[in-house]
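# Remarks on the overall topology
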Amino acid sequence: MESTLYKEAVQFIQEKITIKPKIGLILGSGLGVLTDEMTDCVTIPYETVPHFPRATVEGHAGEWVIGKLSGIDIAVMKGRFHFYEGHHQKQVTFPVRVMKYLGIRNLIVTNAAGGIHPNFSAGDFMLITDHLNLMGTNPLIGPNDDRLGPRFPDMSEVYSLQLRMIAKRAAQDLQIPLQEGVYAAMVGPVYETPAEVRMIATLGGDAVGMSTVPEAIVANHSGLSVLGLSVISNLAAGIQKEKLSHQEVMETAKQVRSNFIQLIKKIVFEIGEKTDENG
Ligand code: HPA
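Residues numbered from 1 in each chain as written. Predicted model: local features only at pLDDT ≥ 70, side-chain atom pairs only at ≥ 80, totals over all residues. Heavy atoms only, no water.

What follows is about helix H6 (residues 213-221). Three- or four-residue spacings in an α-helix give side chains the same orientation, since the helix completes a turn every 3.6 residues. The buried fraction of H6 is high, at nine of nine residues. All of the buried residues in H6 are Val213, Pro214, Glu215, Ala216, Ile217, Val218, Ala219, Asn220 and His221. A positive backbone phi angle near 85° is found at Gly223, which sits one or two residues after H6. (Buried < 20%, exposed > 50% of the residue type's maximum accessible area, 1.4 Å probe, protein only. Helix = DSSP H or I, 4+ residues; strand = E, 2+ residues; numbered from the N terminus.)

Time to look at the packing of aromatic side chains. As enumerated under the stated definition, the model contains nine aromatic pairs in all. In this structure an aromatic cluster arises from ring pairing among Tyr6, Tyr46, Phe52, Trp64, Phe81, Phe94 and Tyr101. Directly above the aromatic system of Phe12 lies the positively charged group of Lys16, at a separation of 4.0 Å from the ring centroid. (Phe/Tyr/Trp six-rings, centres within 6.5 Å; stacked < 30°, edge-to-face > 60°. Lys NZ or Arg CZ within 6 Å of the ring centre and 35° of its normal.)

Next up on the list: the site of the ligand. Inspection of the region around the ligand gives Ala112, Ala113, Gly114, Tyr191, Glu192, Val208, Gly209, Met210, Ser233, Asn234, Leu244 and Val249 as its neighbouring residues. Within the backbone of Ala112, an N or O atom sits 3.3 Å from a nitrogen atom of the ligand. Starting from 260 Å² of accessible surface for the ligand in isolation, the protein chains cover 95%. Secondary-structure elements contributing two or more residues to the shell around the ligand are strand S5 (106-115), strand S8 (207-209) and strand S9 (225-235). Here the shell around the ligand gets three residues from one element, more than from any other, and that element is S5. The class makeup of the residues in the shell around the ligand is seven nonpolar, four polar and one charged. (Near = heavy atom within 4 Å. Polar contact = N/O pair within 3.5 Å; in protein donor to acceptor, adjacent residues only side chain to side chain. Areas by Shrake-Rupley, 256 points an atom, 1.4 Å probe, with all protein chains shown as cover. Nonpolar A, V, L, I, M, F, W, Y, C, P; charged D, E, K, R; others polar.)

Applying the stated criterion across every chain yields a total of eight salt bridges. With a closest N to O distance of 3.0 Å, Glu180 and Lys168 form a salt bridge. Of this pair, Glu180 sits in strand S7 (residues 179-185) while Lys168 is found in helix H4 (residues 161-174), placing the two residues twelve residues apart along the sequence. The exposure class assigned to Glu180 is partly exposed, which follows from its relative accessible area of 36%. Judged by its relative accessible area of 34%, Lys168 falls in the partly exposed class. A salt bridge links Lys266 to Asp173, with the nearest nitrogen and oxygen atoms 3.8 Å apart. Of the two residues, Lys266 is situated in helix H8 (residues 257-278) and Asp173 in helix H4; the sequence distance between them amounts to 93 residues. For Lys266, a relative accessible area of 22% corresponds to the partly exposed category. The class for Asp173 is exposed, based on a relative accessible area of 53%. The network of salt bridges with shared partners includes Asp173, Lys266 and Glu270. (Salt bridge = Lys/Arg side-chain N within 4 Å of Asp/Glu carboxyl O.)

This brings us to the environment of Lys78. Examined against the element boundaries, Lys78 turns out to sit in strand S4 (residues 72-78). As a C-alpha pair, Lys78 and Ser29 span 49 residues in sequence and 9.3 Å in three-dimensional space.

Taking 1.5 Å of rise per residue, the 14 residues of H4 would be expected to cover 20 Å, and the 20 Å separating its terminal C-alpha atoms lies within 8% of that figure. Every buried residue of H4 is listed here: Leu163, Arg164, Ile166, Ala167, Ala170 and Ala171. For H4, the buried positions fall inside an angular range of 160° around the axis, keeping them on one side. Of the exposed residues in H4, the ones pointing more than 90 degrees away from its buried face are Gln172 and Asp173. At the N-terminal end of H4, a side-chain oxygen is found 3.3 Å from the backbone nitrogen of Gln162, two or three residues along, and the residue is Ser160. Positive phi shows up at Gln175, right after H4, with a value of about 55°. (Expected span 1.5 Å × (residues − 1). Arc of directions from axis to C-beta.)

Across the junction of Gly188 and Pro189, the peptide omega takes the value 0°, indicating a cis bond. By the element assignment, Pro189 lies in the loop between S7 and helix H5 (194-203). For Asp40, which is not a glycine, the phi torsion comes out positive at approximately 50°. As for its placement among the helices and strands, Asp40 is situated in strand S2 (residues 39-45).

Nothing here speaks to function; it is geometry throughout.
Have a look at this one:
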C-alpha cells in the first residue's frame, strides 16, 4: 500500500525530468538560495506531487529543483517537512523514500542548528558525525517493508565515513573551516531552555536542531549513504546571552551563504566523480 504512494510520486517526477540523479540534497533554513547555482533545472512544487505534504515555514520554498550542480545530476529539495509542523514522521521522511525510488544513492542533508560545543561560533559549519534522536519517536515505527530495509536497522554509521572524508577534503581544499560533532534532534518548535541545552551537552550533543534525524534514519534504512552538514546559526539557549529568533537563524545563513554554496558544490562534484567510477 505504502510503496504504491511512493511509486506514484516517483512516476510523477520522472515524467517531468530527463536525467537520472544519483545524489539528493535537502536544503535547510535559509539555504535554498543554492539552487540559483544550478543549470538545466526542472522545478516541481511539492503541492503538485501526489501524496506530498506542504511546507509551511518561512525560508522553505517547498519545491524540487532537479538539474545539474557542478555539472553533476542532482535532485534538490528546497525546503523540507518538519515534525513540529504537525506532519507525521512518515510524511516528514516520505521524500527520502521517493529519492530512493528515483535512484538516489547519496543523500546530503543540511540544516541550521544551535551550537553547544564550547569551540563553536555562530557561522561555523559542522559535519555531522552521529546523532541523538531526542524526538521521542521514530519514522520506522509501524509495519516494516522488508524490500526497503530491515526491521531492526543498524545505526552504527548513519553518516557515511567515506562521504565525511570527501567533505573534509573539500573543506580543506577550499580553506573553509569545518567543525565536526553530534547533532541532537529535538521536536521543536520551541527553542530549547538553557537546562535542556545543558542536558544535551551532558548526553554528548554538540549542536541542536529540529530536523535531519528522521530523514537520516530512513535514508540509512533504505541503504543510502548520508552526509549531514549543519550551519551553526546561533549558539544554543543559555550559551549566548541574546534571545533566540528565527530571524537570527536566517541572518546567519545569509552571511555564510557563499562559503556554504562553494562547499556543497565541491562536495557534490567529488561525490559525482566517485559515483561515476562505481556506476
Ligand atoms: N535550537 C534548535 N533548533 C535550531 C537552533 C537552536 O538553537 N538554531 C537553529 N535551529
